Amino acid sequence: MTAELTETTAPQRQPARAGFFRGLSGKLLFLTVIFVMLAEVLIFVPSVASMRIRWLEDRLNTAAAAGVVVDGLQDVQLSRPLQEETLMATGTKAIVLRRKNESRLIAAVDMPPDVDAQYDIAAMTPIAAIGDAFDTLLFGGDKVVRIYGPIGESDAIIEVVMEDASLRKAMLIYSRNMFFLSLAISLFTATLIFLAINRLMIVPIRRMTTNMQEFSAEPSNPARVLAPAPGRDELSIAGQHLSAMQQQLQKTLKQQKNLADLGLAVSKINHDMRNILASAQLISDRLADVDDPIVKRFAPTLLRTIDRAVGYTTEVLSYGRTTEPEPHRRFVRLRPLVSDVGEMLAIDPNAGIEFSIQIPEDLQVDADSEQLFRVVHNICRNAVQALMNDTSDGGAPRMISVSAMRTGSVVSISVDDTGPGMPPKARENLFAAFRGSARSGGTGLGLAIARELVLAHGGTIALVEKPTPGTLFRIELPDRPVPLDAFRSKARH
């Protein structure tokens with residue numbers, strides 16, 4: 001762990017705000033125009049074909065009117081000047097009126113041109129009309145076409161021969177007008193959609209984006225937390241979740257700062273504490289040589305306690321480094337280890353707390369003895385504190401019971417007490433440092449460290465529900481798998 005924590009933050013370069021056409025607003029406007037134009041193209045294709053047919057029908061109707069009038073004069077032949085005026089008025093090269101058994105040439109130029117294509121207005125299908133329309137638009141202008149169709153509901157057919165230059169010109173004017181009309185509709189529609197979506201979506205998104213930039217520059221400032229807009233739509237819900245996430249992040253940062261401050265404080269006293277314990281260890285070694293029965297009785301326990309304290313000062317910062325040392329596992333007898341825990345607790349005889357060990361003498365566990373000692377000691381120490389702070393007078397015995405049993409390759413250790421039990425807040429944050437403490441002023445580090453050590457052994461630790469008052473923790477530690485070569489070597493010997 002570092003000896004000093006600084007809160008300086010490197011200056012962050014604020015992202016440049018995107019230009020209008022590179023931002024969502026510009027892209028939305030551009031895409032809306034494109035999509036509406038594509039829709040207009042789909043409308044333009046059949047409409048230009050329909051316009052061409054209507055134009056041809058108008059020419060046929062005009063020619064039919066002239067043809068019917070002339071046909072009423074049975075024996076009259078139009079003079080050449082009158083024919084030319086009729087052809088010029090109808091925009092044709094020849095007009096023919098056909099009936100069942102006869103055909104009559106109403107008017108025609110002196111030298112009728114060759115016909116390049118002919119079209120039957122009555123029998124034209126939509127697909128054929130579209131194809132003919134684009135053929136005229138792309139390749140027309142210098143062709144001579146023959147157009148014919150029925151006159152009203154009669155059986156007479158009017159037929160005209162004409163150049164398609166005027167038809168193509170009319171179609172080009174129509175296409176130009178449709179293009180500008182479609183563009184105007186697209187811009188108008190895009191503007192309305194842009195204003196609506198910009199108000200409903202872009203502005204809230206831009207607000208959240210700005211807030212995230214400001215929050216990332218100063219995450220510990222409560223004023224940087226987003227004030228979510230009310231509502232149940234997706235963006236409102238996203239803003240509410242963002243605000244909740246920022247608040248949770250600030251709590252986490254505060255807890256991390258507390259942890260760093262704790263590590264800093266511990267690191268300052270760690271060096272001096274090790275020197276003091278080293279001196280106490282030397283004095284305790286001399287006490288072992290004193291020829292006094294009482295001293296000889298307590299000296300071994302005192303020596304073991306000071307040795308453990310020296311080891312703790314060496315590894316006291318291991319939690320701040322986020323990792324504990326790898327366990328040095330071997331098979332150890334569990335009952336003597338738990339007895340040392342009971343002696344280390346130093347329960348006051350006048351407190352009325354009984355420490356009970358229900359472990360077979362020959363039960364062994366495959367574990368690091370020092371780390372397992374810390375696990376059991378942390379849980380038992382919490383139990384002692386819970387019983388000492390229990391002011392209820394229920395008449396029940398105040399007891400801490402440690403039991404264990406082996407099932408196959410797994411050893412199960414239970415630590416049970418008759419205290420008041422874990423409060424709801426401590427249950428919600430169980431094994432979480434600075435949040436899982438069951439008493440006021442506690443840090444919750446004991447259970448957090450115990451869980452880390454148990455997991456390092458490949459085991460589990462859990463709070464077990466029980467019908468009677470109190471707290472029950474159960475630890476399950478599996479034996480290490482035996483390599484096949486080692487098993488065979490041991491079997492041969």
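Note that the coordinates shown come from a computational prediction; the quantities given were computed from them, not determined experimentally.

## Describing the overall build of the chain
Per the secondary structure count, the chain includes 11 helices and 12 strands. When contacts within the chain are restricted to residue pairs at least 6 apart in sequence, those whose partners lie at least 24 apart make up 68%. If you sum the accessible surface of the chain, you get close to 30,100 Å²; carbon and sulfur atoms cover 59% of it.

## What about the sheet that holds strand β11 (residues 460–464)?
On the basis of which strands lie adjacent, the open sheet formed by five strands has the order β7-β9-β10-β12-β11 and mixed pairing. Every other strand in the sheet has two partners, leaving β7 (353–358) and β11 as the edge strands with one partner each. The sheet shows a mean angle of 15° between the axes of neighbouring strands, taken without regard to direction. Note: β7 against strand β9 (residues 398–407), six bridges, orientation parallel. In the strand pairing of β9, Phe-355 is matched with Ile-400. Relative to the sheet, helix α7 (residues 334–345) contacts β7, β9 and β10 (410–417), its axis offset from that of β7 by approximately 170°.

## Some thoughts on the nonpolar core
By size, the foremost hydrophobic cluster in this structure holds 42 residues, and its most contacted members are Leu-334 and Leu-372. Only α7, β7, β8 (364–367), α8 (369–389), β9, β10, α10 (445–456) and β12 (471–478) provide two or more residues apiece to this core. Considering each element in turn, this core owes the most residues, nine residues, to α8. Apart from the residues lying within four places of it in its own chain, the contact partners of Leu-334 are Ile-359, Leu-363, Val-365, Leu-372, Ala-404 and Ile-413.

## Observations concerning the pairing of strand β5 (residues 157–163)
Among the seven residues in β5, five count as buried, and that is most of the element. Relative to β5, strand β1 (residues 94–98) runs antiparallel, the two sharing five bridges. Each bridged residue has a counterpart across the sheet, and for Val-96 the counterpart in β5 is Glu-159. Taken together, the seven bridges between strand β4 (residues 144–150) and β5 define a ladder with antiparallel strand orientation. Following the sheet pairing, Gly-149 is matched in β5 by Ile-158. Linking β4 to β5, which pair antiparallel, is a turn of six residues; within it Gly-152 sits at a positive phi near 60°.

## Notes on α10
Three- or four-residue spacings in an α-helix give side chains the same orientation, since the helix completes a turn every 3.6 residues. The first and last C-alpha atoms of α10 sit 16 Å apart over 12 residues, in line with the 16 Å expected at 1.5 Å per residue. Counting buried positions over the 12 residues of α10 gives nine, a clear majority of the element. For α10, the complete set of buried residues consists of Leu-445, Gly-446, Leu-447, Ala-448, Ile-449, Ala-450, Glu-452, Leu-453 and Val-454. Directly beyond the C-terminal end of α10, a positive phi value near 80° is found at Gly-458.

## Focus on the packing of aromatic side chains
Per the counting criterion, the structure on display carries one aromatic pair. Measuring from centroid to centroid gives 5.4 Å for Phe-179 and Phe-180, while their planes differ by 70°, and the two rings are edge-to-face. Judged by relative accessible area, which is 43%, Phe-179 ranks as partly exposed. Between the NZ or CZ atom of Arg-52 and the centre of the ring of Tyr-119, over which it lies, the distance is 4.7 Å.

## Description of the sheet that holds strand β3 (residues 117–120)
With mixed pairing, the five strands of this open sheet are ordered in space as β2-β1-β5-β4-β3. Only two strands of the sheet have a single partner each, and these edge strands are β2 (103–108) and β3. Strand after strand, the sheet turns through a mean of 15° between neighbouring axes, direction not considered. Relative to the sheet, helix α2 (residues 80–90) contacts β1 and β2, its axis offset from that of β2 by approximately 85°.

## Some remarks on the pattern of salt bridges
The full count for this structure, using the stated rule, is 12 salt bridges. A salt bridge links Lys-93 to Glu-163; the shortest N-O distance between them is 3.9 Å. Note that Lys-93 is positioned in the loop between α2 and β1 and Glu-163 in strand β5, a separation of 70 residues in sequence. Residue Glu-163 is classed as partly exposed on the basis of its relative accessible area of 41%. Here Glu-361 ties to Arg-333 by a salt bridge, and the two come within 3.2 Å at their closest N and O atoms. Of this pair, Glu-361 sits in the loop between β7 and β8 while Arg-333 is found in strand β6 (residues 330–333), placing the two residues 28 residues apart along the sequence. A single salt-bridge network, built from bridges that share partners, covers Arg-98, Arg-146 and Glu-159.

## Describing the confidence of the model for the chain
Detailed conclusions should not be drawn from predicted coordinates in areas where pLDDT is low. In the predicted model, the chain carries a mean pLDDT of 80, and 78% of its residues have values of at least 70. Overall, residues 1–16 carries pLDDT values under 50, and its contacts beyond four positions in sequence, including any with other chains, amount to 14 contacts.

## Some thoughts on α8
The first and last C-alpha atoms of α8 sit 30 Å apart over 21 residues, in line with the 30 Å expected at 1.5 Å per residue. You can read the cap of α8 off the contacts: a side-chain oxygen lies 3.1 Å from the backbone nitrogen of Glu-370, and it is on Asp-368.

## Considerations on the pairing of β3
Two elements, β3 and β4, share four bridges in a ladder whose sense is parallel. Its bridge partner being in β4, Ala-117 is matched across the sheet by Val-145. The β-α-β motif built from β3, the intervening helix α3 (residues 126–139) and the parallel element β4 has right-handed crossover chirality.

Criteria and cut-off values
- Residues numbered from 1 in each chain as written.
- Predicted model: local features only at pLDDT ≥ 70, side-chain atom pairs only at ≥ 80, totals over all residues.
- Heavy atoms only, no water.
- Helix = DSSP H or I, 4+ residues; strand = E, 2+ residues; numbered from the N terminus.
- Contact = heavy atoms within 4.5 Å.
- Areas by Shrake-Rupley, 256 points an atom, 1.4 Å probe, with all protein chains shown as cover.
- Pairing = 2+ DSSP bridges.
- Axes fitted to C-alpha atoms, helices over the stretch in contact; angles between N-to-C directions.
- Core = buried A, V, L, I, M, F, W, Y, C linked by side-chain atoms within 4.5 Å.
- Buried < 20%, exposed > 50% of the residue type's maximum accessible area, 1.4 Å probe, protein only.
- Expected span 1.5 Å × (residues − 1).
- Phe/Tyr/Trp six-rings, centres within 6.5 Å; stacked < 30°, edge-to-face > 60°.
- Lys NZ or Arg CZ within 6 Å of the ring centre and 35° of its normal.
- Salt bridge = Lys/Arg side-chain N within 4 Å of Asp/Glu carboxyl O.
- pLDDT = per-residue confidence, 0-100.
- Polar contact = N/O pair within 3.5 Å; in protein donor to acceptor, adjacent residues only side chain to side chain.
- Right-handed = clockwise from strand over helix to strand, strands pointing away.

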